[in-house]
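Chain and residue survey
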Amino acid sequence: MLRLEGIRKRFGPVEVLRGVDLEVKAGEIHALLGENGAGKSTLMKILCGILTPTAGTIRINGEEQHFADYDQATAAGIGIVFQEFSLIPYLTPVENMFLAREMTTKLGFLDRTAMRKRAQEILAQLDVDLPLDVPVRRLSVAEQQFVEIAKALSLNARILVLDEPTATLTPSETEHLFKVMRELRKQGVAIIFISHHLEEIFEICDRITVLRDGEFVGDSDVADIDNDRLVEMMVGRRIENSFPPKPALLPQAKILLECEEVQLRRGGPISSFQLREGEILGFAGLVGSGRTETALAMLGAYPAVRCKVKVDGQETRFREPADGLAHGIGLLPENRKEEGLITSFPILQNISINNYAKYRKNMWFIDMQKELASSEAAMKSVRVKAPNSHTRVDNLSGGNQQKVVIARWLNHSMKVLIFDEPTRGIDVGAKSEIYQLMRDFTAKGDAIIMISSELPEVIGMSDRVCVFRSGGIVATVEGDAITSEGIMTHATTGKARNVA
Amino acid sequence: MSPESTVASPSNPPRSVGSVFRKIFASPLALPLIGLIVVSVLMGLASDNFFSVSNLLNVLRQVSVVAILAVGMTFVILTGGIDLSVGAVMALAGTIAAGLMVKMGMPAGVGLLAGLLVGLGLGFFNGVLVAWGRMPAIIVTLATMGIARGLGLIYSGGYPISGLPSWISWFGVGRVGIIPVPVIAMALIYLIAWVLLHRTPFGRHVYAIGGNEVAAKLSGVKTERVKLAVYVISGLTAALAALILTGRLMSGQPNAGVGFELDAIAAVVLGGTAIAGGRGLIFGTLIGAVLLGILNNGLNLMGINPYLQDVIKGFIILLAIYIGREWR
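Residues numbered from 1 in each chain as written. Chains lettered and ligands numbered in written order. Predicted model: local features only at pLDDT ≥ 70, side-chain atom pairs only at ≥ 80, totals over all residues.

**What to know about the overall build of chain B**
For clarity, the threshold we go by: Numbering goes from the N terminus for both helices and strands, where a helix is a DSSP run of H or I of at least four residues and a strand is a run of E of at least two. Each radius of gyration reported is based on C-alpha atoms, and the globular scaling rule is 2.2 Å times the count of residues to the power 0.38. Any residue with 12 or fewer other C-beta atoms within 10 Å of its own C-beta is exposed, any with 20 or more is buried, and the rest are partly exposed; the C-beta atoms used are placed from the backbone.
Check the secondary structure of chain B and you find 15 helices and 4 strands. Against the globule reference of 20 Å for 328 residues, chain B gives a C-alpha radius of gyration of 21 Å, in line with a compact fold. Seen through its C-alpha atoms, chain B measures out along the principal axes to roughly 75 × 55 × 35 Å. Evaluated residue by residue, chain B yields a buried proportion of 50% over its 328 residues.

**Description of the overall build of chain A**
The criterion, for reference: Each residue gets a C-beta atom placed from its backbone, and two residues are in contact if those atoms lie within 7 Å.
Counting its regular elements, chain A contains 17 helices and 22 strands. Relative to the globule expectation of 23 Å for 500 residues, the C-alpha radius of gyration of chain A, 24 Å, shows essentially globular dimensions. Dimensions of chain A, computed from C-alpha atoms along their principal axes, come out at roughly 70 × 55 × 50 Å. Out of the 500 residues belonging to chain A, those deemed buried represent 44%. Taking the contacts inside chain A whose residues are at least 6 apart along the sequence as the reference set, 68% of them involve residues at least 24 apart.

**Regarding the environment of Lys403 of chain A**
All names here are of chain A. Positionally, Lys403 belongs in helix α14 (residues 398-410). In sequence terms Lys403 and Pro165 are 238 residues apart; their C-alpha atoms lie 24 Å from each other. Leaving out residues up to four positions away in the same chain, Lys403 has contacts with Val382, Arg383 and Val384.

**Some details on the domain arrangement of chain A**
Accessible area lost upon the coming together of the parts is a frequently used measure of interface size. All names here are of chain A. As a reminder of what qualifies: Where each domain begins and ends follows an automated or database-derived domain assignment. Asp, Glu, Lys and Arg are counted as charged, while Ala, Val, Leu, Ile, Met, Phe, Trp, Tyr, Cys and Pro are counted as nonpolar; the rest, among them Gly, fall into the polar class.
Taken domain by domain, chain A holds domain 1 (2-235) and domain 2 (255-493). Taking the mean C-alpha position of each, domain 1 and domain 2 sit 32 Å from one another. When grouped by side-chain class, the residues that make up the side of domain 1 that touches domain 2 number 4 nonpolar, 4 polar and 1 charged.

**Here we look at the interface of chain B and chain A**
Taken together, the contact pairs 21 residues of chain B with 25 residues of chain A. Tallying contributions element by element places helix α11 (residues 213-218) of chain B first for the side of chain B that touches chain A, with 5 residues. Classifying every residue of the side of chain B that touches chain A gives 8 nonpolar, 7 polar and 6 charged.

**So, the sheet that holds strand β14 (residues 306-311) of chain A**
Residue and element names in this part refer to chain A. In plain terms, the rule: Only strands that DSSP links by at least two bridges are regarded as paired with each other. Note on geometry: axes are C-alpha line fits, over the in-contact stretch for helices, and angles between N-to-C directions span 0 to 180 degrees.
Strands sit in the order β12-β11-β14-β15 across an open sheet of 4 strands; the sheet is antiparallel. What marks the edges here is a single partner per strand, and that holds for β12 (270-276) and β15 (314-316). Geometrically, the sheet is characterised by an average inter-axis angle of 20° between neighbouring strands, direction not taken into account. Bridging between β14 and β15 involves 3 bridges; their strand directions are antiparallel. Bridging across to β15, Val309 finds its partner in Thr316.

**Quick notes on the nonpolar core**
Stated precisely, the cut-off is as follows: Each nonpolar core consists of buried Ala, Val, Leu, Ile, Met, Phe, Trp, Tyr and Cys residues. Their C-beta atoms, within 7 Å, join them into a set.
Core analysis: the largest hydrophobic core is formed by 167 residues, its most contacted members being Val66, Leu69 and Met90 of chain B. Sorting elements by how many residues they give to this core places helix α12 (residues 223-249) of chain B first, with 16 residues. Excluding residues that lie within four positions of it along the chain, Leu69 of chain B makes contacts with Val86, Met90, Thr237, Ala238, Ala241, Phe260 and Ala264 of chain B. Listed in part, the 65 residues of the second largest apolar core include Ile149, Leu160, Ile192 and Ile201 of chain A.

**Regarding helix α14 (residues 282-301) of chain B**
Here is the rule we go by: A helix is expected to span 1.5 Å multiplied by its residue count minus one.
Its 20 residues give α14 of chain B an end-to-end C-alpha distance of 29 Å, which sits within 8% of 28 Å, the value for a rise of 1.5 Å per residue. Among the 20 residues in α14 of chain B, 15 count as buried, and that is most of the element.

**Side note on the UniProt feature "transmembrane region" (unreviewed entry) in chain B**
Stated formally: UniProt positions are given in the numbering used here, feature names are shortened, and annotations may be inferred rather than shown by experiment.
Mapped onto this numbering, the UniProt entry gives "transmembrane region" (unreviewed entry) at residues 24-47, 59-78, 109-129, 135-155, 176-197, 228-250, 262-295 and 307-324 of chain B. Secondary structure across residues 262-295 of chain B divides into 68% helix and 0% strand, with the first and last C-alpha atoms of the span separated by 15 Å.

**Regarding unusual backbone geometry**
All names here are of chain A. Despite not being glycine, Asp127 shows a phi value in the positive range, around 60°. For Asp127, the position within the fold is in the loop between α4 (112-126) and α5 (141-154). Residue classification places Asp127 among the exposed positions, given that 11 C-beta atoms sit within 10 Å. The backbone of Asn362 shows a phi angle near 50°, a positive value even though the residue is not glycine. Within the secondary structure, Asn362 is located in the loop between β17 (360-361) and β18 (365-366).

**Topic: the environment of Val287 of chain A**
Looking at the element boundaries, Val287 of chain A is found in the loop between β13 (280-285) and α9 (291-299). Along the chain, Val287 of chain A and Arg469 of chain A lie 182 residues apart, while their C-alpha atoms are 9.3 Å from each other.

**Remarks on the packing of helix α5 (residues 86-102) of chain B against helix α6 (residues 108-131) of chain B**
All names here are of chain B. What counts here: We call two directions roughly parallel when the angle between them is under 35 degrees, roughly antiparallel when it is over 145, roughly perpendicular when it lies between 65 and 115, and oblique otherwise. Should the near helix be turned anticlockwise from the far one by less than a right angle, the crossing is left-handed, and should it be turned clockwise, the crossing is right-handed.
Between α5 and α6, the shortest axis-to-axis distance is 8 Å and the interhelical angle comes to 155°. Relative to α6, α5 is oriented roughly antiparallel. When the axes of α5 and α6 are compared, the crossing they make is right-handed. The residues of α6 that touch α5, namely those facing Val89, Leu92, Ala93, Gly94, Ile96, Ala97, Ala98, Leu100 and Met101, are Ala108, Val110, Gly111, Leu112, Ala114, Gly115, Val118, Gly119 and Leu122. Tallied by class, the residues present in the contact of α5 with α6 amount to 14 nonpolar, 4 polar and no charged.

**Re the confidence of the model for chain A**
Counted only if it meets this: Residue-level confidence of the predictor is summarised by pLDDT, bounded by 0 at the bottom and 100 at the top.
Averaged over every residue, the pLDDT of chain A is 87; the share at 70 or more is 96%. Note that residues 496-500 of chain A has pLDDT below 50 and, in this model, 12 contacts with residues that lie over four places away or in other chains.

**Considerations on the pairing of strand β7 (residues 159-163) of chain A**
Residues and elements named next belong to chain A. Extensive coverage of β7 is indicated by the burial of 4 of its 5 residues. Note that strand β6 (residues 78-81) and β7 share 4 bridges and pair parallel. Paired with Gly79 across the bridge in β7 is Leu160. Across 5 bridges, β7 lies against strand β8 (residues 190-194) in parallel orientation. Looking at β8, one finds that Asp163 is bridged to Ile194.

**Focus: the packing of helix α9 (residues 181-199) of chain B against α14 of chain B**
Residue and element names in this part refer to chain B. In contact at an axis separation of 9 Å, α9 and α14 are set at 150° when each is read in the N-to-C sense. Taken together, the axes of α9 and α14 are roughly antiparallel relative to one another. Residues Tyr190, Ala193, Trp194 and Leu197 of α9 form the contact with α14, whose own contacting residues are Ile282, Phe283 and Leu286. Looking at the contact of α9 with α14, its residues break down into 7 nonpolar, no polar and no charged.

**Thoughts on the sheet that holds strand β22 (residues 472-478) of chain A**
Residues and elements named next belong to chain A. Ordered by their spatial adjacency, 6 strands build an open sheet running β16-β19-β20-β13-β21-β22, and the pairing between neighbours is mixed. Each end of this open sheet is capped by a strand with a single partner; those strands are β16 (329-332) and β22. Strand-to-strand, the axes of this sheet are offset by a mean angle of 20°, without reference to chain direction. Taken together, the 6 bridges between strand β21 (residues 464-469) and β22 define a ladder with antiparallel strand orientation. Considered in β22, the bridge of Val465 is made with Val477. Of the strands in this sheet, β13, β16, β19 (416-420), β20 (447-451) and β21 touch α9, which is tilted by about 140° from β20.

Here it is as structure tokens:
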């Protein structure tokens, strides 16, 4: 149905795609795999007309296509759901689906009944039930995704691209999405599925195509391939075990940070936890279970009902993250671009931004030599791959961006770092580097709270795990008790201590 | 400023004339400077008198008030905010200062100090409401604009307050050598602003907030305090501009500075600062202000109808922004 041949794309001197082939049949779910920077997104942008290829052909049902823009690709039956949704948050699902091609009555007014009817038909075809009269910002991420898919289908898309659709979904939402995808497959839609979760590939996909560094590595039926071989194709080398070994925890480890009572919502559960020196404490649980909010509340960046924190045994109250910084507690947020990095700054100033106390001269001024030396040292210690420290951060890959944020905090003498989804959207190679950096940090007796939705990561990295459910901690597990079954059970069926 | 030579690898080819040019053109100041040069040359061609030393110093003296207002405006816009109250704050500061001296018979120093306090106080008021009140800057400062303008008119009864001690005129029309005092004041204020923005942590925080306020906050920048500070700076520069204006007019004018906030914003934007914040240079603002001043001066020298002048200026601003956007 769809055939891309010898696609090349050059940005100035850099060739990001070097002769990529991709063939997708009708009624097939086709995984497009590769590390970050392998060229998946560029290829998809070419497919949907946002970029034009330097060389190569696109054929749909044997007919050669040249898309000048997104609209032409849409007209040819291509629909794409980007990682960042393109929905207008204040409009309803129906208004979003028919945005810019509203149906009108003969008098030129909006034909709301017709649009609503059509929307219901499409959603019924997906076997999805959505509230149609609330603004989409009130919908869950998964529901918004369904709106996006429905929007693509309302344009008669026969080829649907889903770019990392499961990254922000809970397991049950992912299941629902898969159900929808299977339904579409039955109806003969070709789906190109991008995901970093390999287990999902085996669950849902029929075929795979792997890219590496802009080159076509190979394709295969999913049935003919196993996990190790897939990873090898993606990274070009076998990764035996990406998690560094867990050191033995001292039985008498000092408590660095103690959260005595956190209550996120009025009437919600009250949780407490302790963080000991040298450990990685995992925060597991479903998205929306209160993991991130608890961490933010501790730092004073989330308005919790109550939050009692003790640092080194002394009761402290943080009104804003700057207070946390003063006590040696730092946060590495989940959305690096929106919350972690100052994208208009080069690497250098992104590292030095919260550390000016360290390089003052004459009281008030920045000692720019010291700033440069210290920040470049931090940048080197985490091995950021960039031409130099004046490179702008928005040109870096996800892994390197995360390393810049890590460098910012390592440049301090921090005692506690809170990593929120430390490796989301980061490729396999950079992942293991980041895991090693985290272990290096705890080896000095400092401690980490790691919020993560990826169970293998939670299990592979955490010394202890707090499992969250509906706003509170329902269980804390340790040592051999850290198993995926155990954590999932607590996360999905555990009962939080409720206090009115 | 960027020590690129320290990181350049030895394999780099020797610098050609082309690469030097490219480097100059890559600077954010390049475009405003080119605009300034083009407009100056055009004005020089249209009027023999334009390039005389006395006329150029005169232009600088004329732009000084708006240029000083634009310093505070640059700080505010760099954080992603805006301050519409500067013209009205300037008028109020001048009126109060003059009123205390003339109507209340207070020593001139007390009057001048009171003028500065008016600027600082209203800046503080704006800053608190924007930073901690979390209200949109455009609304807060619009309200302050009305309040300040109204207070000035109430205090003065709507009439200029004249009869100031004669030495006050030194601030407006005095000279050191051949250089007018307002020009010296303007230069000093720009230098201080540059140091603040590029040599202190505060300056970095200003840019960081404009670049990504959430990230700045989460990494431990005290964003509220920084935002308060930029509005206080804007109030202060409004009060300093008031001092110069009062010296020039030799009276406190409650109706002075109407629309100056727009000239100040235009200077900032013409100077290449992003209206959304995070990017921009203080000396760009100076170039922008001088560019506007030259347009005023040149159009006057050419004897163009003042109503038409506003129209021409409007189109030139649009053109400049358009070119600036296409350039990047």
